[in-house]
Each structure stands twice: as structure tokens, then as C-alpha cells.
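# Geometric and topological summary
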Amino acid sequence: MEKEHKDLSSISGLPDELGIDADLSKVGQTLTIRKDTRRYGKSMTIVSGFQMDRAEIKELASELKHRLACGGTVEGNEIELQGDHVQRARDILSEFGYQVA
């Protein structure tokens, strides 16, 4: 019976330090970014489509909030950013290796 592989690095034979698992998981995801209007006409940028655990989403949200100089939160599997940051968020996520629709 063949042993099950838990990660892609063991299948590819590449060292774990290369981080191939993280890169390939980003490629398989297509994120969507939209602008929403909340109470009192406040703009929110919503990033959705994540297929990763909540801790990774929170880490990415923290980096986005830092780079965009805005507040925000993680609700479910979506990142909510305060303000209209659709284009800048798209550029940053593309820079990180995510596919953005």
C-alpha cells in the first residue's frame, strides 16, 4: 500500500524551505474584490474567495491593513477593509502571487 503524502513538497521532492506548498495554494485560488457601501455611506472593500485556514486569512488581512493604512477585519472567509481600496488591494494581492478576478 502506498504511503499518503501530506504536503506537495514531499511529492515534488523539493526542500520545504522553498515554500512550494504556499505558492501552489495561492495559484489555485481566485480571489474577488468588490466595493460595498455600509451605514452612513461608508465604503468597504471586501476580499473573498479564500481557500485557507482562518489564521492565514488574518495574517494576510493584517498585511493588507498595514500596506493600505486602513482598518479592517476578517468576517467568515472574507477580509473587510475600511475605505475604497479595490485597485490597490488588487495590486498588492497580485504582488503576493494571488489570482484576482
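Refer to the structure presented above.
Residues numbered from 1 in each chain as written. Predicted model: local features only at pLDDT ≥ 70, side-chain atom pairs only at ≥ 80, totals over all residues. Heavy atoms only, no water.

## Looking at a negative patch on the surface
The test is simple: Only residues whose relative accessible area exceeds 30% and that form no salt bridge are eligible for patches; like-charged ones are grouped when within 9 Å, while nonpolar side chains (Val, Leu, Ile, Met, Phe, Trp, Tyr) are grouped when within 5 Å. In this description, accessible areas are obtained by the Shrake-Rupley approach with a 1.4 Å probe, and a residue is regarded as covered only by the protein chains that are shown. Counted as salt bridges are all cases of a side-chain nitrogen of Lys or Arg within 4 Å of a carboxyl oxygen of Asp or Glu. Only four residue types enter the charge count, namely Lys and Arg as positive and Asp and Glu as negative; His and the chain termini do not. Here the site of a charge means NZ on Lys, CZ on Arg, CG on Asp, or CD on Glu. In this description a helix means any DSSP run of H or I spanning at least four residues, a strand means any run of E spanning at least two, and both kinds are numbered starting from the N terminus. Three labels apply to residues, based on accessible area from a 1.4 Å probe with only protein chains included: buried if under 20% of the type maximum, exposed if over 50%, partly exposed otherwise in between.
On the surface, Asp 53, Glu 56, Glu 59 and Glu 63 cluster together into a negatively charged patch. Counting through the fold element by element, Glu 59 comes out in helix H3 (residues 54-68). For Glu 59, a relative accessible area of 61% corresponds to the exposed category.

## Some points on the nonpolar core
As a reminder of what qualifies: Put simply, a nonpolar core is a bunch of buried Ala, Val, Leu, Ile, Met, Phe, Trp, Tyr and Cys residues held in one set by side-chain atoms that sit within 4.5 Å of each other. Contact between two residues is taken to exist if any of their heavy atoms lie within 4.5 Å; hydrogens are not considered.
Val 47, Phe 50, Leu 60, Leu 64, Ile 79 and Leu 93 are the most contacted members of the largest nonpolar core, which totals 19 residues. Where this core is concerned, the elements lending two or more residues are strand E1 (30-37), H3, strand E4 (78-82) and helix H4 (86-95). Looking at which element gives the most residues to this core, the answer is H3, with five residues. Those residues in contact with Ile 79 that sit more than four places away from it in its chain are Thr 45, Ile 46, Val 47, Phe 50, Ile 57, Leu 60, Ala 61, Leu 64, Thr 73 and Val 74.

## Comments concerning the environment of Met 52
Tracing the backbone shows Met 52 in the loop between strand E2 (43-48) and H3. Between the alpha carbons of Met 52 and Asn 77 there is a distance of 8.5 Å; along the sequence they are 25 residues apart. Discounting residues that sit within four places of it in the chain, Met 52 has contacts with Gln 29, Ile 57 and Tyr 98.

## Side note on the environment of Ala 55
When you line up the elements, Ala 55 lands in helix H3. Classification of Ala 55 by relative accessible area gives exposed; the value is 53%. When the C-alpha positions of Ala 55 and Val 74 are compared, they lie 10.0 Å apart, and in sequence the two are 19 residues distant.

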